[in-house]
Amino acid sequence: MNPNNAPKRENIMPEPALVRALTEKLYQIVKKEAYIIPDWIPAGTLLLELSGRAWMALRGLFYRPFFGEVRGLLFVGQRVRLRAAKRIHLGRNASLHNHVYIDGLCRDGINIGYNFTLREESIIESTGILSAPGDGLEIGNNVGISQYAFIAVRGKIRIGDNVIIGPYVKIYSANHNFDDPDRLIREQGESRQGIVIGNDCWLGAGSTVLDGVHIGDGCVIAAGSVVTRDVPPYSVVGGIPAKLLKSRKEA
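Residues numbered from 1 in each chain as written. Predicted model: local features only at pLDDT ≥ 70, side-chain atom pairs only at ≥ 80, totals over all residues. Heavy atoms only, no water.

Let us look at the state of the cysteines. In the structure shown here, the tally under the stated rule is zero disulfides. The closest cysteine sulfur to the non-disulfide-bonded Cys-201 is located on Cys-219, 4.9 Å from its own sulfur. Given the relative accessible area of 2%, Cys-201 is considered buried. Given a relative accessible area of 0%, Cys-219 falls into the buried group. (Disulfide = S-S within 2.5 Å. Buried < 20%, exposed > 50% of the residue type's maximum accessible area, 1.4 Å probe, protein only.)

A rise of 1.5 Å per residue sets the reference length of helix α2 (residues 43–63), with its 21 residues, at 30 Å; its end C-alpha atoms lie 30 Å apart and thus fit the reference within 8%. All of the buried residues along α2 are Ala-43, Leu-46, Leu-50, Arg-53, Met-56, Gly-60 and Tyr-63. The buried residues of α2 occupy an angular sector of 150 degrees when projected down its axis, which confines them to one face. Opposite the buried face of α2, at more than 90 degrees from it, the exposed residues are Leu-48, Trp-55 and Phe-62. (Helix = DSSP H or I, 4+ residues; strand = E, 2+ residues; numbered from the N terminus. Expected span 1.5 Å × (residues − 1). Arc of directions from axis to C-beta.)

Glancing now at the environment of Gly-166. Looking at the element boundaries, Gly-166 is found in the loop between β14 (164–165) and β15 (170–172). Judged by relative accessible area, which is 5%, Gly-166 ranks as buried. In the structure, Gly-166 is positioned 47 residues away from Arg-119 in sequence and 10.0 Å away in space, judged by C-alpha atoms. Once residues lying within four places of it in the same chain are set aside, the contact partners of Gly-166 are Ser-146, Ala-149, Leu-203 and Ala-205. (Contact = heavy atoms within 4.5 Å.)

With that settled, the discussion passes to the packing of aromatic side chains. Per the counting criterion, the structure on display carries five aromatic pairs. With 5.6 Å between their ring centres and 85 degrees between their planes, Phe-62 and Tyr-63 make a pair best called edge-to-face. Note on Phe-62: relative accessible area 56%, which makes it exposed. Exposure remark for Tyr-63: the relative accessible area of 15% places this residue in the buried category. Aromatic rings pair up to connect Phe-62, Tyr-63 and Phe-66 into one cluster. (Phe/Tyr/Trp six-rings, centres within 6.5 Å; stacked < 30°, edge-to-face > 60°.)

Judged by nonpolar contacts, the single largest core of 44 residues is most densely connected at Leu-74, Leu-96, Ile-145, Ile-159, Ile-171, Ile-197 and Ile-215. The set of elements that each furnish at least two residues to this core consists of β2 (74–76), β4 (88–90), β5 (94–96), β7 (110–112), β10 (137–139), β13 (157–159) and β18 (195–197). Ignoring anything within four residues of it in the chain, the contact list for Ile-145 reads Phe-116, Thr-117, Leu-118, Arg-119, Ser-122, Ile-139, Ile-151 and Ile-165. (Core = buried A, V, L, I, M, F, W, Y, C linked by side-chain atoms within 4.5 Å.)

Sheets are built from strands that pair by backbone hydrogen bonding, the pairs being arranged parallel or antiparallel. Sheet architecture is open: nine strands sit in the order β2-β5-β8-β11-β14-β19-β22-β24-β25, paired in mixed fashion. Each end of this open sheet is capped by a strand with a single partner; those strands are β2 and β25 (243–247). Relative to strand β8 (residues 117–118), β5 is paired through two bridges, and the arrangement is parallel. Bridged to Ser-95 within β8 is Thr-117. (Pairing = 2+ DSSP bridges.)

In C-alpha coordinates form, the structure reads like this:
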(Lines give C-alpha, C1' and ligand atoms only; values in the text may rest on other atoms or scores of the structure.)
Protein backbone atom coordinates (compact mmCIF):
# COMPACT_ATOMS: atom_id res chain seq x y z
CA MET A 1 0.00 0.00 0.00
CA ASN A 2 1.24 3.43 -0.86
CA PRO A 3 1.56 5.36 2.38
CA ASN A 4 0.74 8.53 0.48
CA ASN A 5 -2.69 7.12 -0.29
CA ALA A 6 -3.38 5.96 3.26
CA PRO A 7 -6.29 7.72 4.94
CA LYS A 8 -5.24 10.54 7.21
CA ARG A 9 -5.85 10.03 10.91
CA GLU A 10 -8.02 12.72 12.38
CA ASN A 11 -6.73 14.66 15.36
CA ILE A 12 -8.83 13.41 18.27
CA MET A 13 -7.27 15.73 20.85
CA PRO A 14 -9.89 18.19 22.10
CA GLU A 15 -9.38 21.88 21.56
CA PRO A 16 -6.95 23.23 24.21
CA ALA A 17 -9.24 26.13 25.08
CA LEU A 18 -12.13 23.73 25.67
CA VAL A 19 -10.03 21.45 27.90
CA ARG A 20 -8.75 24.44 29.87
CA ALA A 21 -12.26 25.84 30.33
CA LEU A 22 -13.55 22.44 31.46
CA THR A 23 -10.67 22.01 33.94
CA GLU A 24 -11.15 25.52 35.34
CA LYS A 25 -14.87 24.90 35.76
CA LEU A 26 -14.37 21.61 37.57
CA TYR A 27 -11.79 23.12 39.95
CA GLN A 28 -14.07 26.10 40.61
CA ILE A 29 -16.92 23.74 41.50
CA VAL A 30 -14.73 21.70 43.83
CA LYS A 31 -12.90 24.59 45.49
CA LYS A 32 -15.84 27.01 45.34
CA GLU A 33 -13.56 29.89 44.36
CA ALA A 34 -12.09 31.40 41.19
CA TYR A 35 -9.50 29.19 39.48
CA ILE A 36 -7.56 30.33 36.40
CA ILE A 37 -5.20 28.04 34.44
CA PRO A 38 -2.43 29.60 32.27
CA ASP A 39 -3.16 29.19 28.56
CA TRP A 40 0.32 27.79 27.80
CA ILE A 41 -0.31 24.52 29.69
CA PRO A 42 -0.88 21.77 27.06
CA ALA A 43 -4.29 20.13 26.77
CA GLY A 44 -2.68 16.70 27.20
CA THR A 45 -1.23 17.71 30.56
CA LEU A 46 -4.62 18.94 31.74
CA LEU A 47 -6.29 15.70 30.64
CA LEU A 48 -3.72 13.68 32.57
CA GLU A 49 -4.33 15.91 35.61
CA LEU A 50 -8.08 15.34 35.36
CA SER A 51 -7.54 11.60 34.97
CA GLY A 52 -5.33 11.53 38.07
CA ARG A 53 -7.87 13.48 40.09
CA ALA A 54 -10.61 11.10 38.96
CA TRP A 55 -8.63 8.11 40.27
CA MET A 56 -8.02 9.96 43.53
CA ALA A 57 -11.76 10.62 43.83
CA LEU A 58 -12.49 6.91 43.32
CA ARG A 59 -10.00 5.98 46.03
CA GLY A 60 -11.65 8.61 48.20
CA LEU A 61 -14.94 6.71 47.90
CA PHE A 62 -13.17 3.59 49.17
CA TYR A 63 -11.46 5.37 52.09
CA ARG A 64 -14.46 7.48 53.07
CA PRO A 65 -16.14 4.99 55.46
CA PHE A 66 -12.95 4.63 57.52
CA PHE A 67 -12.92 8.28 58.64
CA GLY A 68 -14.92 9.72 61.50
CA GLU A 69 -16.40 12.31 59.14
CA VAL A 70 -15.85 13.49 55.58
CA ARG A 71 -17.78 16.49 54.32
CA GLY A 72 -17.86 16.75 50.52
CA LEU A 73 -15.33 15.30 48.09
CA LEU A 74 -12.27 13.36 49.23
CA PHE A 75 -9.23 12.76 47.00
CA VAL A 76 -6.81 10.01 48.01
CA GLY A 77 -3.51 9.09 46.36
CA GLN A 78 -1.68 5.78 46.32
CA ARG A 79 -0.51 3.98 49.45
CA VAL A 80 -2.07 6.39 51.92
CA ARG A 81 -1.82 5.00 55.47
CA LEU A 82 -4.17 5.79 58.35
CA ARG A 83 -4.22 5.02 62.06
CA ALA A 84 -7.33 5.48 64.21
CA ALA A 85 -9.07 6.99 61.18
CA LYS A 86 -12.40 7.25 63.04
CA ARG A 87 -10.85 10.09 65.06
CA ILE A 88 -10.04 12.04 61.88
CA HIS A 89 -12.63 14.54 60.61
CA LEU A 90 -12.20 16.15 57.18
CA GLY A 91 -13.91 19.10 55.54
CA ARG A 92 -14.89 19.16 51.88
CA ASN A 93 -12.27 18.85 49.16
CA ALA A 94 -9.50 17.19 51.16
CA SER A 95 -6.57 15.88 49.09
CA LEU A 96 -4.27 13.25 50.58
CA HIS A 97 -1.47 12.58 48.09
CA ASN A 98 0.75 9.54 47.59
CA HIS A 99 2.47 7.88 50.55
CA VAL A 100 1.14 10.17 53.29
CA TYR A 101 0.46 8.94 56.83
CA ILE A 102 -2.11 10.35 59.25
CA ASP A 103 -2.32 9.06 62.81
CA GLY A 104 -5.57 10.11 64.47
CA LEU A 105 -4.87 8.45 67.81
CA CYS A 106 -5.08 11.52 70.06
CA ARG A 107 -7.44 12.60 72.82
CA ASP A 108 -9.38 15.25 70.89
CA GLY A 109 -8.84 13.73 67.46
CA ILE A 110 -7.85 15.54 64.27
CA ASN A 111 -10.28 18.14 62.90
CA ILE A 112 -9.52 19.65 59.50
CA GLY A 113 -11.40 22.34 57.54
CA TYR A 114 -12.16 22.55 53.82
CA ASN A 115 -9.69 22.71 50.89
CA PHE A 116 -6.97 20.82 52.77
CA THR A 117 -3.95 19.39 50.95
CA LEU A 118 -1.36 16.99 52.35
CA ARG A 119 1.37 16.42 49.79
CA GLU A 120 3.54 13.37 49.16
CA GLU A 121 5.47 11.60 51.96
CA SER A 122 4.18 13.92 54.70
CA ILE A 123 3.38 12.59 58.17
CA ILE A 124 0.95 13.65 60.89
CA GLU A 125 1.81 11.57 63.96
CA SER A 126 -0.44 11.90 66.99
CA THR A 127 0.96 9.30 69.37
CA GLY A 128 4.46 7.92 69.82
CA ILE A 129 3.67 5.51 72.66
CA LEU A 130 0.25 4.34 73.82
CA SER A 131 0.90 5.40 77.41
CA ALA A 132 1.22 9.05 76.33
CA PRO A 133 -1.19 9.79 73.46
CA GLY A 134 -1.29 13.24 71.90
CA ASP A 135 -3.82 15.92 72.82
CA GLY A 136 -5.23 16.87 69.41
CA LEU A 137 -4.84 18.78 66.15
CA GLU A 138 -7.05 21.47 64.63
CA ILE A 139 -6.44 22.74 61.09
CA GLY A 140 -8.47 25.53 59.50
CA ASN A 141 -9.63 26.12 55.93
CA ASN A 142 -7.44 26.42 52.82
CA VAL A 143 -4.34 24.90 54.40
CA GLY A 144 -1.64 23.30 52.25
CA ILE A 145 1.12 21.09 53.65
CA SER A 146 3.96 20.39 51.22
CA GLN A 147 6.07 17.28 50.70
CA TYR A 148 7.98 15.57 53.52
CA ALA A 149 6.48 17.69 56.30
CA PHE A 150 6.30 16.18 59.80
CA ILE A 151 3.82 17.22 62.48
CA ALA A 152 4.25 15.55 65.88
CA VAL A 153 1.00 16.03 67.79
CA ARG A 154 1.71 15.73 71.50
CA GLY A 155 0.47 18.97 73.06
CA LYS A 156 -2.50 20.60 71.32
CA ILE A 157 -1.71 22.10 67.91
CA ARG A 158 -3.95 24.71 66.29
CA ILE A 159 -3.30 25.87 62.71
CA GLY A 160 -5.44 28.70 61.34
CA ASP A 161 -6.93 29.41 57.92
CA ASN A 162 -4.98 30.03 54.69
CA VAL A 163 -1.69 28.67 56.02
CA ILE A 164 1.12 27.51 53.70
CA ILE A 165 3.46 24.90 55.17
CA GLY A 166 6.51 24.32 53.00
CA PRO A 167 8.39 21.08 52.29
CA TYR A 168 10.35 19.45 55.11
CA VAL A 169 8.74 21.66 57.77
CA LYS A 170 8.75 20.09 61.24
CA ILE A 171 6.37 20.91 64.11
CA TYR A 172 6.95 19.44 67.59
CA SER A 173 4.49 20.15 70.41
CA ALA A 174 6.36 18.57 73.35
CA ASN A 175 9.75 18.53 75.07
CA HIS A 176 11.47 15.75 76.99
CA ASN A 177 12.31 16.55 80.61
CA PHE A 178 15.98 16.07 81.49
CA ASP A 179 16.61 17.96 84.76
CA ASP A 180 17.67 14.89 86.77
CA PRO A 181 21.05 13.62 85.52
CA ASP A 182 20.71 10.50 87.70
CA ARG A 183 17.68 9.25 85.81
CA LEU A 184 17.25 8.17 82.21
CA ILE A 185 15.78 10.96 80.12
CA ARG A 186 13.13 8.64 78.75
CA GLU A 187 11.92 8.03 82.32
CA GLN A 188 11.48 11.72 83.19
CA GLY A 189 8.40 12.32 81.10
CA GLU A 190 7.69 15.33 78.92
CA SER A 191 6.20 18.80 79.05
CA ARG A 192 3.48 19.95 76.70
CA GLN A 193 2.52 23.57 76.13
CA GLY A 194 1.05 23.25 72.67
CA ILE A 195 1.48 25.32 69.51
CA VAL A 196 -0.71 27.92 67.81
CA ILE A 197 -0.12 29.05 64.21
CA GLY A 198 -2.36 31.93 63.19
CA ASN A 199 -4.18 32.70 59.95
CA ASP A 200 -2.42 33.60 56.70
CA CYS A 201 1.03 32.35 57.69
CA TRP A 202 3.80 30.92 55.50
CA LEU A 203 6.27 28.47 57.02
CA GLY A 204 9.24 28.27 54.65
CA ALA A 205 10.95 25.07 53.54
CA GLY A 206 12.81 23.19 56.25
CA SER A 207 11.69 25.43 59.10
CA THR A 208 11.01 23.99 62.56
CA VAL A 209 8.46 25.11 65.16
CA LEU A 210 9.03 23.95 68.74
CA ASP A 211 6.64 23.47 71.65
CA GLY A 212 5.12 26.46 73.41
CA VAL A 213 5.28 28.77 70.39
CA HIS A 214 2.42 31.05 69.35
CA ILE A 215 2.82 32.43 65.82
CA GLY A 216 0.53 35.38 65.15
CA ASP A 217 -1.55 36.05 62.05
CA GLY A 218 0.17 36.98 58.81
CA CYS A 219 3.68 35.78 59.74
CA VAL A 220 6.43 34.53 57.44
CA ILE A 221 8.95 32.02 58.79
CA ALA A 222 12.10 32.00 56.67
CA ALA A 223 13.37 28.72 55.23
CA GLY A 224 15.52 26.70 57.62
CA SER A 225 14.56 28.71 60.70
CA VAL A 226 14.00 27.24 64.16
CA VAL A 227 11.20 29.01 66.01
CA THR A 228 11.65 28.74 69.77
CA ARG A 229 9.51 31.64 71.04
CA ASP A 230 6.35 33.57 70.19
CA VAL A 231 6.20 35.53 66.94
CA PRO A 232 4.12 38.76 66.87
CA PRO A 233 1.50 39.13 64.12
CA TYR A 234 2.72 40.14 60.65
CA SER A 235 6.37 39.45 61.47
CA VAL A 236 9.06 38.03 59.21
CA VAL A 237 11.50 35.94 61.24
CA GLY A 238 14.53 33.85 60.36
CA GLY A 239 17.62 32.16 61.74
CA ILE A 240 18.53 29.64 64.44
CA PRO A 241 16.94 30.54 66.75
CA ALA A 242 14.53 32.64 64.69
CA LYS A 243 14.72 36.40 65.25
CA LEU A 244 12.65 39.28 63.96
CA LEU A 245 13.83 40.45 60.53
CA LYS A 246 11.08 42.93 59.81
CA SER A 247 7.39 43.62 60.24
CA ARG A 248 4.98 43.34 57.31
CA LYS A 249 3.01 46.27 58.75
CA GLU A 250 5.67 48.87 59.40
CA ALA A 251 4.41 52.37 60.09
